[in-house]
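Analysis of the macromolecular model
Chain by chain, the residues run as shown.
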Amino acid sequence: GGGGGGGGGAGDDSGDCDGGGEGERRGTALTGEALGELAGEVVGEIRARVKEATRGLTTSAGIGPNFLLAKIAADVRKPDGQFCTGWSREAVLSFLAPLPVRKVPGVGRVMEKVLSKALGVSSCGELLSRAAEARLLFTPGSADSLLRKSLGWEEGGRE
């Protein structure tokens with residue numbers, strides 16, 4: 001997996017969200033690792049404040065390099081935790097490889113069944129390994145969308 005979300009003051013169950021390296025500043029810009037660490041701390045603090053202000057309401061949060069990955073990560077430690085996908089390409093692909101395709105936004109029961117019956121895949125990693133077949137089975141737009149999401153890429157070309 002990609003490690004947990006950064007530590008907040010909430011006493012949460014998360015680990016570091018720094019991709020395995022020490023976060024550091026380069027000039028005025030934060031490195032991915034330092035940004036992840038900061039994001040984890042901020043998210044932990046927000047979750048703690050929500051819990052305190054609502055007298056116990058729990059929240060879950062996902063942290064990742066883009067909205068798609070953060071959305072998927074938010075589901076990992078429900079009902080009361082946070083999870084970080086990691087920031088490197090390797091960390092993201094390791095997080096996504098075993099992920100069931102059904103956990104990807106936009107993949108419903110019908111698509112899950114088609115992928116299983118036609119391609120014999122149930123995870124994002126398996127889908128990527130059958131990319132050529134997916135391109136033959138689906139329209140170019142559908143194939144592109146599925147494969148991009150399996151790589152953790154958002155629609156519209158942003159990674």
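Scroll up for the structure.
Residues numbered from 1 in each chain as written. Predicted model: local features only at pLDDT ≥ 70, side-chain atom pairs only at ≥ 80, totals over all residues. Heavy atoms only, no water.

1. Details of the overall build of the protein
From N to C terminus, the protein includes 7 helices and 4 strands. Going from the N terminus to the C terminus, the protein shows its helices and strands as β-β-α-β-α-β-α-α-α-α-α. Expressed as a percentage of its 159 residues, the buried residues of the protein come to 35%. Restricting the contact set of the protein to residue pairs at least 6 apart, pairs at least 24 apart contribute 43%. Of the roughly 8,700 Å² of accessible surface on the protein, 54% is carried by carbon and sulfur atoms. (Helix = DSSP H or I, 4+ residues; strand = E, 2+ residues; numbered from the N terminus. Buried < 20%, exposed > 50% of the residue type's maximum accessible area, 1.4 Å probe, protein only. Contact = heavy atoms within 4.5 Å. Areas by Shrake-Rupley, 256 points an atom, 1.4 Å probe, with all protein chains shown as cover.)

2. Focus on the pattern of salt bridges
Applying the stated criterion across every chain yields a total of 8 salt bridges. In this structure, the salt-bridge partner of Asp-80 is Lys-51, at a minimum N-O distance of 3.0 Å. You can see Asp-80 sitting in the loop between helix H2 (67-73) and strand E4 (82-84) and its partner Lys-51 sitting in helix H1 (residues 32-53), a full 29 residues away along the chain. For Lys-51, a relative accessible area of 35% translates into the label partly exposed. Two residues, Asp-75 and Lys-103, come together in a salt bridge whose shortest N-O distance is 3.1 Å. Residue Asp-75 is located in the loop between H2 and E4, and its partner Lys-103 is located in the loop between helix H3 (89-96) and helix H4 (109-119); the two are separated by 28 residues in the primary sequence. The exposure class assigned to Asp-75 is partly exposed, which follows from its relative accessible area of 32%. Among the residues examined, Lys-103 registers a relative accessible area of 44% and is labelled partly exposed. (Salt bridge = Lys/Arg side-chain N within 4 Å of Asp/Glu carboxyl O.)

3. Focus: unusual backbone geometry
Pro-79 follows Lys-78 through a cis peptide bond whose omega is 10 degrees. Here Pro-79 shows up in the loop between H2 and E4. In this structure, Arg-55 takes a positive phi of about 60 degrees despite not being glycine. Structurally, the position occupied by Arg-55 is in the loop between H1 and strand E3 (61-63). The exposure class assigned to Arg-55 is exposed, which follows from its relative accessible area of 80%.

4. So, the environment of Gly-44
You can see Gly-44 is positioned in helix H1. With relative accessibility at 0%, the residue Gly-44 sits in the buried group.

5. Here's the deal with a nonpolar patch on the surface
On the surface, a cluster of nonpolar side chains totalling about 400 Å² of accessible area is made up of Leu-30, Leu-35, Leu-38, Val-42 and Ile-46. The dominant element in the nonpolar patch, judged by the number of residues it contributes, is H1, at 4 residues. Within the fold, Leu-38 resides in helix H1. (Patch = residues over 30% accessible without salt bridge, like charges linked within 9 Å, V, L, I, M, F, W, Y side chains within 5 Å.)

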